[in-house]
Amino acid sequence: MTNIASITLDAADTEAADRFYATAFDLGELVRTRTAAEPASGFRGFTLSLITSQPADVDVLFESALAAGATVLKPADKSMWGYGGIVQAPDGAIWQLATSAKKNTGPATGKADEVVLLLGVEDVAATKRFYAGRGLTVSKSFGRSYAEFATDPGSVKLSLYRRRALAKTIGVDPQGSGPHGLLIGGDIGPCADPDGFAWQAPATADAS
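Residues numbered from 1 in each chain as written. Predicted model: local features only at pLDDT ≥ 70, side-chain atom pairs only at ≥ 80, totals over all residues. Heavy atoms only, no water.

Caption draft 1: Just the overall build of the protein chain, in detail. Per the secondary structure count, the protein chain includes 4 helices and 15 strands. Radius of gyration (C-alpha) of the protein chain: 16 Å, near the 17 Å computed for a compact globule of 208 residues. Once the C-alpha set of the protein chain is aligned to its principal axes, its extents read approximately 40 × 40 × 35 Å. Buried positions account for 47% of the 208 residues belonging to the protein chain. Carbon and sulfur atoms form 52% of the exposed surface of the protein chain, whose accessible area is close to 9,800 Å². Side-chain charges in the protein chain split into 19 positive and 23 negative, and the spacing between the mean points of these groups amounts to 9 Å. (Helix = DSSP H or I, 4+ residues; strand = E, 2+ residues; numbered from the N terminus. Rg over C-alpha atoms; globule rule 2.2 N^0.38 Å. Buried < 20%, exposed > 50% of the residue type's maximum accessible area, 1.4 Å probe, protein only. Areas by Shrake-Rupley, 256 points an atom, 1.4 Å probe, with all protein chains shown as cover. Lys, Arg positive; Asp, Glu negative; His and termini not counted. Charge placed at Lys NZ, Arg CZ, Asp CG, Glu CD.)

Right, dumping it as structure tokens:
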């Protein structure tokens, strides 16, 4: 199965970004940073999500992120889909912290069960074909609106959504300039998808 072993994010200050991720989310080698080669502004075209088993864990991660220096885009709250909130890390990456559960079932652990990379793309069907043609298995698909791919436990799940719809969901302007500031370390690299999201082989993944 094709997997994502790591995500590398551009940051103006990599030491500060590394401290943030170690303190806020403690994801180890799944999330790395590198010095941004080019400036970027506005929406970078993707979000990262931490999916938990219950609302209490969302709250722990949300407060941990804020204490480490994140800013609130949407406060944690109940929705028709479950419970969640959205924060922006100091490096500019946007994180959705969510669970499909609406009630707690035990003590909070503050741990994520799943890490999801959601790419905002212009044509979901075309980008889905691109990834399927490189060995990724589609596990869920809703026409031209959304698609996700199967991954092994412990790796980052890849999903696709329309760029404008993703920006609306997280409450930001869909426009942006400069590079995505994201390098995906996975089995299909090196390559770039139709929207310019770059992949690198896992052993050498360090961001674009």
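Caption draft 2: Looking closely at the sheet that holds strand 7 (residues 94-99). The strand order across the open sheet formed by 8 strands is 5-6-7-4-8-11-10-9, and the pairing between neighbours is mixed. Unpaired on one side and paired on the other, strand 5 (71-79) and strand 9 (138-142) mark the two borders of the sheet. The mean angle between the axes of side-by-side strands here comes to 15 degrees, regardless of whether they run parallel or antiparallel. With 4 bridges connecting them, strand 9 and strand 10 (residues 146-149) associate as antiparallel partners. Looking at the pairing, Val 138 lines up with Phe 149 of strand 10. Along the sheet, helix 2 (residues 55-68) contacts strand 4 (46-51), strand 5, strand 6 (82-88) and strand 7; its crossing angle with strand 6, the most-contacted strand, is approximately 10 degrees. Its contacts with the sheet put helix 4 (residues 163-170) on strand 4, strand 5, strand 6, strand 7, strand 8 (114-121) and strand 11 (157-162), and the angle it makes with strand 11 is roughly 100 degrees. (Pairing = 2+ DSSP bridges. Axes fitted to C-alpha atoms, helices over the stretch in contact; angles between N-to-C directions. Contact = heavy atoms within 4.5 Å.)

Caption draft 3: Main features of the packing of helix 1 (residues 14-24) against helix 2. One way to put it is that helix 1 packs onto helix 2 with a least axis distance of 9 Å and a crossing angle of 150 degrees. Looking at the two axes, helix 1 sits roughly antiparallel to helix 2. Here helix 1 runs over helix 2; the crossing is right-handed. Every residue of helix 2 that contacts helix 1 at Phe 20, Thr 23 and Ala 24 is listed here: Leu 61, Ser 64, Ala 65 and Ala 68. (Parallel < 35°, antiparallel > 145°, perpendicular 65-115°, else oblique. Left-handed = near helix turned anticlockwise from the far one by under 90°.)

Caption draft 4: Structural context of the sheet that holds strand 15 (residues 198-200). Strands sit in the order 2-1-13-15-14 across an open sheet of 5 strands; the sheet is mixed. If you trace the sheet from one side to the other, it starts and ends with strand 2 (31-35) and strand 14 (191-192), each paired once. Examined bridge by bridge, strand 1 (residues 4-11) and strand 2 share 5 bridges and lie parallel to one another. Each residue of the ladder has a partner; that of Ala 11, found in strand 2, is Thr 35. Helix-sheet contacts for helix 1 involve strand 1 and strand 2, and the interaxial angle to strand 2 is about 165 degrees.

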